[in-house]
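Topology and contacts: notes
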Amino acid sequence: MASNLFSWPSLFSSPDEKAMWQVRSADDAQAFTELVGRWHGRIHSLCTRMTGDPHRGEDLAQETFARLFAHRKTYQSTGRFSTFLWRIALNLCYDELRRINRRGELSLEESDQEAPGSIPLESDDPGPDQSLVESERARAVRDALLQLPEPYRVVVVLRHYEGLKFREIGVVLGIPDGTVKSRMFDALQQLSRLLNPIFFDAPKAVRPDAVSRPPERLLI
Amino acid sequence: MKNTTNSQHPAPEEWMSFLYDEETPERRAALDAHLQACPQCRAQVQVWRESKHALDSWTLPLPAPSKPGFPWHAMRWAAAAILLLGLGVGLGRLTSPAALEAGALRRALQTELDSKLATTRSDLLQVLDHRQSELAQALRAAATDAASTEASQLLAQYAKLLEEQRDEDHESLVAAFRQMDERRRSDVGSLREQIQTLALNADDGLTRAQEQLLELSAATRSATP
């Protein structure tokens, strides 16, 4: 009985936890629709950044929500819904990236002929030259991110693009905060080497002790 | 480790928190001070900031804005604050010396207050009974007056209605009598005409009978020898 009480969402749970509990306990379609509406954009963004392909990102986002519903009974209300959902999406991204690697296919090569989802068609047109420059820079950033090992890439994506705190990233990935920050540091070092010559002409000097740290690929 | 002098640089992890505004204000001030004094770290942080700026070049179409939900997190903190405030006030009241003295004083005055309250209550009950009886008499008188006045009004209305009804009935009766009189007169007129006709017919019959009797008498006289 006590365990049941503790497993129920409390009065102070967020709307996401309440909605997910409704999905889990009553297969509530409306609650599930609300969750999709609130989270689809962020999950699509995460999957696109991780794979470098907005179309693949959309497929993965849809599969994420399909898997969320399929695994609804495994959701524990004592945990945060966002952590549960980020993990599902990231696992799907890892699976997809492994399939790409097995096929010897590079995600950035596959979609190299198109803009990486960066230039909104309805945006204020700054002119063809400026658009071309922005598109080239966006592609350069995407390519640089895809060159990062996944454990580093995911930290950059979650911290820089999705706005999670280092502590929250540690919870999602199941690693200490210090490790998250360390990976962020290594990722920024590599990105500096890859991007600064493109964006800022001359490469900048970095501290020798900083670049000497070998990146470690950690499993989640 | 956390020394921010030129001889010992802050750890890279600390700079990451600094870059993404996750340091405490105190620690951030210390790191700012280190940056002012350390050209090497200043250059390094500038490189990282440029990399961060470059990352912003990859934008995605904005997702559809979601409806803002109820601020449950704010409610959580508000509820916690109210709970803590309530606990603090309760504990303060229970443990303060002023509360203890007030309790002793309350117990000392309890008996005297009870007796005075009992006396006052009995006095008030007597006054209340007296007032209730006066009020009942006044109510009865008022009710009687009101009843008589109301009955008079009702009777007047009833008489008026009766008079009106009687006038209506009288008019109906007069009309009916007039109709009956006219019908009677009409019947008498027709009866008179019938009687006159009958009388005339009878007179003619008598005349003819007399003539026949005269003829019969004459015939009889001539036949007799």
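Source: prediction; values computed, not measured. (Residues numbered from 1 in each chain as written. Chains lettered and ligands numbered in written order. Predicted model: local features only at pLDDT ≥ 70, side-chain atom pairs only at ≥ 80, totals over all residues.)

1. What to know about the overall build of chain A
Secondary structure assignment for chain A yields 11 helices and 0 strands. Its helices and strands taken in sequence order, chain A reads α-α-α-α-α-α-α-α-α-α-α from the N to the C terminus. Residues counted as buried form 36% of the 220 residues belonging to chain A. Excluding contacts between residues fewer than 6 apart, the proportion of contacts in chain A whose partners are at least 24 apart in sequence is 61%. (Helix = DSSP H or I, 4+ residues; strand = E, 2+ residues; numbered from the N terminus. Buried ≥ 20, exposed ≤ 12 C-beta atoms within 10 Å, placed from the backbone. Contact = placed C-beta atoms within 7 Å.)

2. Concerning the overall build of chain B
Along the backbone of chain B there are 5 helices and 0 strands. Listed by position from the N terminus, the elements making up chain B come as α-α-α-α-α. The buried share among the 225 residues of chain B stands at 8%.

3. Brief notes about the environment of Glu162(A)
Residue and element names in this part refer to chain A. When you line up the elements, Glu162 lands in the loop between helix 8 (150-161) and helix 9 (166-173). Residue classification places Glu162 among the partly exposed positions, given that 18 C-beta atoms sit within 10 Å. When residues no more than four places from it in sequence are discounted, the contact partners of Glu162 are Arg42, Ser45, Leu46 and Val157.

4. Quick word on helix 1 (residues 12-19) of chain B
A large share of helix 1 of chain B lies buried, amounting to 7 of its 8 residues. For helix 1 of chain B, every residue scored as buried is listed here: Pro12(B), Glu14(B), Trp15(B), Met16(B), Ser17(B), Phe18(B) and Leu19(B).

5. A closer look at the nonpolar core
One broad rule of soluble globular proteins: the nonpolar side chains tend to lie buried together. Residue and element names in this part refer to chain A. The biggest cluster of nonpolar side chains holds 55 residues, and the ones touching the most others in it are Cys47, Ala89, Val155, Val156, Ile169, Met184 and Ala187. When residues of this core are assigned to their parent elements, the largest contribution, 8 residues, is made by helix 10 (residues 177-199). Discounting chain neighbours no more than four positions away, the residues touching Ala187 are Leu148, Tyr152, Val155 and Val156. (Core = buried A, V, L, I, M, F, W, Y, C linked by C-beta atoms within 7 Å.)

6. Notes on the packing of helix 3 (residues 29-51) of chain A against helix 5 (residues 81-102) of chain A
All names here are of chain A. Viewed as axis vectors pointing N to C, helix 3 and helix 5 meet at an angle of 30°, and their least axial separation amounts to 10 Å. Relative to helix 5, helix 3 is oriented roughly parallel. In this structure, helix 3 meets helix 5 at a crossing whose hand is right-handed. Across the interface between the two elements, Trp39, Ile43, Leu46, Cys47, Met50 and Thr51 of helix 3 pack against Leu85, Ala89, Cys93, Glu96 and Leu97 of helix 5. Taken together, the residues of the contact of helix 3 with helix 5 sort by class into 9 nonpolar, 1 polar and 1 charged. (Axes fitted to C-alpha atoms, helices over the stretch in contact; angles between N-to-C directions. Parallel < 35°, antiparallel > 145°, perpendicular 65-115°, else oblique. Left-handed = near helix turned anticlockwise from the far one by under 90°. Nonpolar A, V, L, I, M, F, W, Y, C, P; charged D, E, K, R; others polar.)

7. Notes on the environment of Phe84(A)
Residues and elements named next belong to chain A. Following the sequence through the fold, Phe84 ends up in helix 5. Measuring from C-alpha to C-alpha, the distance between Phe84 and Val172 comes to 7.9 Å, with 88 residues separating the pair along the chain. Contacts of Phe84, omitting those with residues within four sequence positions, involve Tyr75 and Gly79.

8. Some words on the environment of Val45(B)
All names here are of chain B. Locating Val45 in the fold gives a position in helix 3 (residues 39-55). Judged by the 18 C-beta atoms lying within 10 Å of it, Val45 is partly exposed. Spatially, the C-alpha atoms of Val45 and Leu35 are 8.5 Å apart, while their sequence positions differ by 10 residues. Apart from the residues lying within four places of it in its own chain, the contact partners of Val45 are Trp15 and Leu35.

9. Observations regarding helix 9 of chain A
All names here are of chain A. Residues of helix 9 that are buried include every one of Phe166, Ile169, Val172 and Leu173, and no others. Burial along helix 9 is one-sided: seen end-on, the buried residues are contained in an arc of 115°. The first or second residue beyond helix 9 is Gly174, which carries a positive phi of 70°. (Arc of directions from axis to C-beta.)

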